[in-house]
Amino acid sequence: MSIIPTTQTAATVPELGGGVKFVHDYPVPQPGHNEVLAKVLYSGVCQSDLHTQAGIASDANGNPITKVKLPHVGGHEGVGRIVAIGPGCDDDIRLGMFVGIRFSSRICRRCEFCLAGKEQHCTKSTNHLHHEDGSFQEYIALDAGYLTILPNDIDPAVIGPVLCAGLTTYKAVKNANVKAADWVVVVGAGGGLGHLAVQYARAQGAIVIGIDGGAAKGDFIKEIGASEYIDFTTTPNLIEKVHELTSGGANAVIVTAASVKAFQQAADMLKVGGTLSCVGIPSEKGYLLTPISSIVIKGLHITGNLVGSLKECLEAVDLVRRGVVKPKITIRPFEDLPKIYDELEKGDVSGRMVLKIAKDDLALPSAIASFAKNAIPFKLAECGVFVWTEAPSVHSGAVYQFVEACTISSSSKLDNTLLYPASQTLQIALLAATSVLRNVSSSPVPIPNLNQIVNHSVHHGGNARYNEIPPESYRFGVLPNATVDGATNQPFKNENADFEQQTSPTELKL
Ligand SMILES: [Zn+2]
Ligand SMILES: [Zn+2]
């Protein structure tokens, strides 16, 4: 693991409306009781970030939200890795796990909304927009009891926008009860929210009409699965056009454009029994202009939603992870945030802008990841394994990656990985890494497969770090008694103190 600094770079907003100020000595939080510290790798930039930092975000009554923690640090579409675990966290939370930094930060778990699985409406909740610093900083402390644990095979850059834009639109499609062959209109279909709404609606089998402006957006919207495109800059009557295409109106209209005008007439596009699903929150106070008679006579439904629950978030993530929904992202450097705000303001952003916040020390090179996944399906039964090297000038990440490669390929759990930093006096860059790999359901296969992985990694992995380590300098050993604890039937746990007492592990013959 890399050493955790005490200060970091953060995009702060000292006063709302005053613009972004990058600060390079912002304190790195210490993970408190039942908290983890995550290193933020990527973060999407949401319209709510833009509106909040400008002081024009709307509350539930349409009034501006002014009670915001200052300095404000935005960002609620972040993906990071756990780099430190505070006291009192559950055992299944491990270093290196991917975690999401979402809108909701803490919930009470006791109010009626928490109990109903709608915890985004928790009456005592806090969030990463108004109360706590968000993902526009390199390190963040997160509540381990309400942690968004993400699968370890995700692309962290792509998943960021799913945590707000993806979740919100997934939920909007669900709220609209979209079924196969339903006509669904997405207003603002080329934007950060809209392009995901199009795809989540397609995933339910809907026939989608995208509305947006300009020919380029039209091409993009059709590319991601919309059957029809209506260009509002060249179409005089959008409502007529929708009725013409659908022969009588749409089953659902999902409005993702953050402008009052886009919402006002949207319900007129619906057929009998149709649903208007409102997603974007315009900064100005606005009202729908749907005649009451039309709601009554046509039996219309009007729904809105604020992001979604953690469970729904993980569902939205899974559809992306499995390639059903493909967010369109553009990765930009962290310092581009003010520029991105300008672009969002002008509305000329297609897809989602994602900031690269900090370097991922633990990223597994894709060549090794696929090798580990496919080439050697080795399994380790309950046993403790040392992996270490005394090669000079080796980055500790190399050994961590190696151990992680083993973990991925064996589908087993990686417990208590302890990486020992260099001993300055001995000029040894890496003293040891130890881990306990376990997979209770499988039978053991010979350890030499580990050696094959090392050899392959070194010779074919294409990773400079691995190449720094000659294969013969990797060494393996097992901890005596490193197995299931016979008394408790619990997997062996390798505590730091035990390891240090264990000066001469039994070395395996490879
Ligand atoms: Zn958002
Ligand atoms: Zn609650």
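Coordinates for the structure precede this section.
Note that the coordinates shown come from a computational prediction; the quantities given were computed from them, not determined experimentally.

Criteria and cut-off values
- Residues numbered from 1 in each chain as written.
- Chains lettered and ligands numbered in written order.
- Predicted model: local features only at pLDDT ≥ 70, side-chain atom pairs only at ≥ 80, totals over all residues.
- Heavy atoms only, no water.
- Salt bridge = Lys/Arg side-chain N within 4 Å of Asp/Glu carboxyl O.
- Helix = DSSP H or I, 4+ residues; strand = E, 2+ residues; numbered from the N terminus.
- Buried < 20%, exposed > 50% of the residue type's maximum accessible area, 1.4 Å probe, protein only.
- Contact = heavy atoms within 4.5 Å.

J.: I would appreciate a short explanation of the pattern of salt bridges in the present structure.
T.: Across all of its chains, the model carries 17 salt bridges by this definition. Close ionic contact of Arg 106 with Glu 132 constitutes a salt bridge, the shortest N to O distance being 2.8 Å. Of this pair, Arg 106 sits in strand β6 (residues 104-106) while Glu 132 sits in the loop between β7 (126-127) and β8 (139-143), and the two are 26 residues apart along the sequence. The closest approach of N and O atoms between Asp 336 and Arg 332, which form a salt bridge, is 2.9 Å. With a relative accessible area of 14%, Arg 332 lands in the buried category. Linked by salt bridges that have partners in common, Arg 332, Asp 336, Lys 339 and Glu 343 make up one network.

J.: Explain unusual backbone geometry here, please?
T.: Trans peptide bonds make up the majority, and among non-glycine residues the majority have a negative phi. With an omega dihedral of -5 degrees, the bond running from Leu 70 to Pro 71 counts as a cis peptide bond. As for its position among the elements, Pro 71 is in the loop between α1 (47-54) and β4 (78-85). Positive phi values are uncommon outside glycine, yet Arg 109 reaches one of about 70 degrees. Mapped onto the elements of the fold, Arg 109 is located in the loop between β6 and α2 (112-115). Within the chain, Val 307 stands out as a residue other than glycine whose phi angle is a positive 35 degrees.

J.: Can you walk me through α1 in this structure?
T.: Because an α-helix packs 3.6 residues into every turn, residues spaced three or four apart end up facing the same way. Regarding α1, the residues found buried are Asp 49, Leu 50, His 51, Thr 52 and Gln 53. Those residues of α1 that are buried are in contact with β3 (35-44) and α11 (337-346). Once α1 finishes, Gly 55 follows within two positions and takes phi at roughly 80 degrees, a positive value.

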